Amino acid sequence: MTATCFPTQAVRPANQRRRINVLRGLFLTGLPLVLLGNPLWSAVPAAALHVTGTMLIFVAILGRFWATLYIGGHKNGQLMRDGPYSVCRHPLYLFSIIGIVGFGLALESLELAALFGVAGWLVLATIARHEEQFLRARFGASHDAYRATVPMIRPDLSGFRTAEHVTIQPRLLWRNGRDALVFLSALPLAEAIDLAHRSGHLHMLALW
């Protein structure tokens with residue numbers, strides 16, 4: 001769905017490289033907790049946490065591909081309101097948060113899942129608000145109407161709609177899809193960390 005464009009000299013699109021670097025910095029900041037922390041909550045079986053986390057990571061991967069199918073090649077040039085963009089205004093960020101929470105659960109820790117989820121939400125919501133300054137400057141009243149009916153990140157399935165046809169640019173789909181596959185690497189990483197915990201190597205490192 002297209003919309004009338006407005007001058008955007010005062011507002012520039014969000015720096016996506018900065019977004020990626022912020023998320024990487026967030027992960028590195030929490031890395032000591034991942035490596036040396038021990039779960040405090042034991043009421044939920046570890047296996048159930050791991051399976052749930054794995055499922056959420058795959059939901060994140062498929063969800064990001066789904067969103068990319070719609071936005072690939074149209075970002076900042078068209079106000080997309082179909083498919084996942086009819087459920088929330090930033091579905092890529094929604095599925096990223098789901099993947100981040102999934103990683104915490106795959107580590108068999110409710111505490112890490114909650115911590116990662118809250119931190120990821122705060123970071124991505126801040127970035128989303130900055131992006132929307134550009135989108136509002138570009139699309140004006142059309143974006144205001146979109147904001148009034150569709151939540152920013154929290155999904156609202158009642159407003160789902162989709163077009164009969166979606167235009168796809170394979171090059172951009174592949175480039176953006178690679179970001180989704182990053183979450184796939186979280187699974188062997190979680191397995192390696194869990195194995196190191198069970199073998200006692202990380203515990204000995206903490207004592208040292």
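All figures in this text were calculated on a predicted structure; none of them were measured in a lab.

Enquirer: I keep staring at the overall build of the chain and nothing clicks. Help me out?
Expert: Looking only at helices and strands, the chain features eight helices and zero strands. The linear arrangement of helices and strands in the chain, starting from the amino end, is α-α-α-α-α-α-α-α. In the chain, the proportion of contacts linking residues at least 24 apart, taken out of those at least 6 apart, comes to 84%. With an accessible surface of roughly 11800 Å², the chain has 66% of that area assigned to carbon and sulfur atoms.

Enquirer: What should I look at first to understand the pattern of salt bridges in this one?
Expert: Pairing is possible between side chains that carry opposite charge, provided their charged atoms lie close to one another. In total, this model carries four salt bridges according to the counting rule given. Between D82 and R161 there is a salt bridge, with the nearest N and O atoms lying 3.1 Å from each other. One end of the pair, D82, is in the loop between α2 (46-71) and α3 (91-106); the other, R161, is in the loop between α5 (141-149) and α6 (170-181), with 79 residues separating them in the sequence. D82 gets classed as buried once you look at its relative accessible area, which sits at 11%. Note that E132 and R89 form a salt bridge whose closest N and O atoms lie 2.6 Å from each other. In this pair, E132 is assigned in helix α4 (residues 110-139) and R89 in the loop between α2 and α3, connecting sequence segments 43 residues apart. Sharing partners across several salt bridges, the network here consists of R89, E132 and R147.

Rules used throughout
Residues numbered from 1 in each chain as written. Predicted model: local features only at pLDDT ≥ 70, side-chain atom pairs only at ≥ 80, totals over all residues. Heavy atoms only, no water. Helix = DSSP H or I, 4+ residues; strand = E, 2+ residues; numbered from the N terminus. Contact = heavy atoms within 4.5 Å. Areas by Shrake-Rupley, 256 points an atom, 1.4 Å probe, with all protein chains shown as cover. Salt bridge = Lys/Arg side-chain N within 4 Å of Asp/Glu carboxyl O. Buried < 20%, exposed > 50% of the residue type's maximum accessible area, 1.4 Å probe, protein only.

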